[in-house]
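Residues per chain are reported as follows:
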Amino acid sequence: MASIGDFDPLNASIPATKVEITVSCRNLLDMDTFSKSDPICVLYTQGISNKEWREFGRTEVIENTLNPEFVRKFILDYFFEERQNLRFDLRMKKPLVGLPGKKCGNIIVKAEEMGNCRESVMMQFCGNKLDKKDFFGKSDPFLVFYRSNEDGTFTTCHKTEVVKNTLNPVWQAFKIPVRALCNGDYDSHDFIGEFTTSYRELSRGQSQFNVYEVVNPKKKGKKKKYLNSGTVSNPTQPTSLHYMSPYQMNAYAMAMKAVGEIIQDYDSDKMFPALGFGAKLPPDGRVSHEFALNGNPQNPYCAGIDGVMEAYYQSLKSVCLYGPTNFSPVINHVARYAASVKDGSQYFILLIITDGVISDMAQTKESIVNASCLPMSIIIVGVGPAEFDAMIELDGDEVRISSKGRYAERDIVQFVPFRDYTDRTGNHILSMARLAKDVLAEIPDQFLSYMRIRGIKPSPAPPPYTPPGHPLQTQI
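Residues numbered from 1 in each chain as written. Predicted model: local features only at pLDDT ≥ 70, side-chain atom pairs only at ≥ 80, totals over all residues. Heavy atoms only, no water.

### Overview of the sheet that holds strand β25 (residues 376-382)
Selection rule: In this analysis, strands are considered paired if DSSP registers two or more bridges between them. In DSSP terms, a helix is any run of H or I states spanning at least four residues, a strand is any run of E spanning at least two, and both are numbered starting from the N terminus. Lines are fitted to the C-alpha atoms to define the axes, a helix being fitted only along its stretch in contact, and any angle between axes, read from their N-to-C directions, falls within 0 to 180 degrees.
Here we have 3 strands laid out as an open sheet, ordered β24-β25-β28, and parallel in their pairing. Whereas interior strands pair on both sides, the edge strands pair on one side only; in this sheet they are β24 (348-354) and β28 (413-417). Adjacent strand axes in the sheet meet at a mean angle of 15° when their direction is disregarded. When β25 meets β28, the two strands line up parallel, connected through 5 bridges. Bridge pairing in β28 places Gly382 opposite Pro417.

The following block contains the structure:
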């Protein structure tokens, strides 16, 4: 029995919130003869006046286990400063009778206050080349999702169906709460492996390349040449920000072309080094946060924005986009070039196109602070529906960015949310002129501030152009 306050659904004036109760068990008594138990948990609530116990709900039945992790939750109204008595009965599937009145295992009950978010997301996963576990067949895999808790533990929140006799399963699409941080694994009688991800990673728009290695920790510890036990991927979805439609450009390509065409006129040779960050590179799957989009690390330059676009499309076909998302490596990459030219003859502009996810905020702040004394500026263009709070913080318009007690020498970051310049469909730019104005709004002042701080004055104007055969005329 558990007590979390008094339950009175008729008294709506008492402050209340909803709590989600998750149940699991350990070391249950084995009640079956030829296999293990098939437990189910039944929750009862007690009435206020008559004190009678009433059934509130039941979990699913989990077959052949003494350590069930029930997926089905109980959602209750929790009334503050009142007493609610709850009773948890563990029963068997066949017959549906209570366990004997002696110690027959431990029950673990977790109560979590539910957030205000009522959204859910539809997801689908497929496996590829999973380990063979059956002697006469292949495997019967299913996928389990766990939600990360604040205390570092995980709570089961969804199980897919079992796909019989296959090493390449495709699980049916299912709904899962948006607030869940997921750690999926194949939790059958023969463990295949596990992987970790998050809803935010899955929603970044990389589903056609979002491939996760399924790793069995025991195998990895025993076998030196062990790589993985297969992969799990999120199939191609048109909602992806990187989705390559045959009919229109994706969000990244639209932003790249629109903003690139604005700033390319300020480059004399129109040769742009184009870098990607957050991907596994062929052939060995090495994770990189500053790789050349054209696949040539010795010469990452692309001819014009059209060359950058072509390199971007080709890279999507060859790399596997992969977290975490680190900004600092590409900032440091450009900063190394800027640090070698401090005489005012060159000024560098780094254009970052992002969906707003950032995994190295502290390191990025430090990189920006270090770069603030160099001849460079950073333009961040946000694509997609995110809130971009981290990008606004990096912009530093309201509060000068700092790191480890050091403040940036000057503001070098300009953030622009691309959606503010497109129509509701996101497929058409409303005003290229307004986009150009806002993208370049702070660059002139940032450029001049560097020159003034360094005491660099404009070079003398070059002599006027004289056509061949016409000597320069001077007045004495």
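### Focus on the state of the cysteines
Convention followed: Cysteine sulfurs are considered disulfide-paired once they come within 2.5 Å of each other.
Tallied over the entire structure, the rule returns 0 disulfides. Cysteine Cys104 is unpaired, with the sulfur of Cys25 as its nearest cysteine sulfur at 9.4 Å.

### Details of the nonpolar core
Inclusion rule: Put simply, buried Ala, Val, Leu, Ile, Met, Phe, Trp, Tyr and Cys residues joined by side-chain atoms within 4.5 Å make one nonpolar core. We call a residue buried when its accessible area falls under 20% of the maximum for its residue type, exposed when it is over 50%, and partly exposed in between, using a 1.4 Å probe and counting protein chains only. Residue contacts follow a heavy-atom distance rule, with two residues in contact if any of their heavy atoms lie within 4.5 Å.
Formed by 36 residues in total, the largest nonpolar core has its most connected members in Tyr312, Ile353, Val381, Val383, Phe418, Leu435 and Val439. Residue assignment for this core shows that the elements contributing at least two residues are α3 (251-263), β19 (279-281), α4 (304-318), β25 and α8 (432-439). Examining the composition of this core, we find that 9 residues originate from one element, α3, more than from any other. Ignoring sequence-local partners within four residues, the contact set of Tyr312 consists of His242, Asn250, Tyr252, Ala253, Met256 and Leu293. Ranked by size, the runner-up nonpolar core spans 28 residues in total, among them Phe277, Val369, Ala371 and Met376.

### Section: a nonpolar patch on the surface
Rule in force here: To count toward a patch, a residue needs a relative accessible area above 30% and no salt bridge. Like charges then connect within 9 Å, nonpolar side chains (Val, Leu, Ile, Met, Phe, Trp, Tyr) within 5 Å. Residue burial considers only the protein chains on display, and all accessible areas are found by Shrake-Rupley using a 1.4 Å probe. For this document, the term salt bridge refers to a Lys or Arg side-chain nitrogen within 4 Å of an Asp or Glu carboxyl oxygen.
A grouping of Met271, Tyr301 and Tyr337 is seen on the molecular surface, where their side chains present a nonpolar patch of about 280 Å² in accessible area. Tracing the sequence through the fold places Tyr337 in helix α5 (residues 328-339).

### Re the layout of surface pockets
Spelled out, the test is: Only protein atoms enter the calculation, which uses a 1 Å grid: trapped sets of points that fit a 1.4 Å probe without letting it out are cavities, open sets showing protein on both sides within 12 Å along at least five of seven lines are pockets, and any residue with an atom within 4 Å of a point is a lining residue. Grid points are joined across faces, edges and corners, and a volume is the space filled by probe spheres set on the points. Under the grouping applied here, Gly and all other residues not named as nonpolar or charged are polar, the nonpolar ones being Ala, Val, Leu, Ile, Met, Phe, Trp, Tyr, Cys and Pro and the charged ones Asp, Glu, Lys and Arg.
What the largest pocket holds in volume is close to 1,600 Å³. If you go around the largest pocket, you meet 49 residues; those closest to its centre are Phe272, Pro273, Ile349, Leu350 and Leu351. Take the lining of the largest pocket: its biggest share by element is 7 residues, from β24. When the residues that make up the lining of the largest pocket are grouped by side-chain class, the tally is 34 nonpolar, 11 polar and 4 charged.

### Structural notes on the packing of α5 against helix α6 (residues 361-371)
A packed helix pair is summarised by two numbers, namely the angle formed by the two axes and the spacing between the axes. Applied cut-off: When describing relative orientation, an angle under 35 degrees is termed roughly parallel and one over 145 degrees roughly antiparallel, while 65 to 115 degrees is termed roughly perpendicular and anything else oblique. Put simply, a crossing is left-handed when the front helix is turned counterclockwise from the back one by less than a right angle, and right-handed when it is turned clockwise.
Running from N to C, α5 and α6 point in directions that differ by 15°, and their axes come no closer than 9 Å. Taken together, the axes of α5 and α6 lie roughly parallel to each other. Considering the relative orientation of α5 and α6, their crossing is left-handed. Contacts between α5 and α6 involve Ser328, Ile331 and Asn332 on the former and, on the latter, Gln363, Thr364, Ser367 and Ile368.

### Looking at α5
Every α-helix winds through 3.6 residues per turn, so residues three or four apart in the chain are directed the same way. This is how the line gets drawn: Under the convention used throughout, the expected extent of a helix is 1.5 Å for every residue step, that is, one less than its residue count.
Helix length check: α5, at 12 residues, gives a terminal C-alpha distance of 16 Å against a target of 16 Å (1.5 Å per residue), a fit within 8%. Buried residues of α5: Ser328, Pro329, Val330, Ile331, His333, Val334, Ala335 and Ala338, and no others. The inward-facing, buried residues of α5 contact β18 (275-276), β24, α6 and β25.

### Quick word on the packing of α3 against α4
Put simply, α3 and α4 touch, their axes get as near as 10 Å, and they point 160° apart. Put simply, α3 runs roughly antiparallel to α4. Read as a crossing pair, α3 and α4 show a hand that is right-handed. Touching Tyr252, Ala253, Met256, Lys257, Gly260 and Glu261 of α3 are Ile305, Asp306, Val308, Met309, Tyr312 and Tyr313, all from α4. Here the contact of α3 with α4 is built from residues that sort into 8 nonpolar, 1 polar and 3 charged.

### Let's talk about the sheet that holds strand β2 (residues 16-26)
Spatially, 3 strands are ordered β5-β2-β7 in an open sheet, and the strand pairing comes out antiparallel. At either margin of the open sheet sits one strand with a lone partner, and together these are β5 (74-79) and β7 (106-113). The mean inter-strand angle of the sheet, taken between neighbouring strand axes irrespective of direction, is 35°. Sheet topology places β2 next to β7; 8 bridges connect them, and they run antiparallel. Pairing of Ile21 across the sheet is with Ala111, part of β7.

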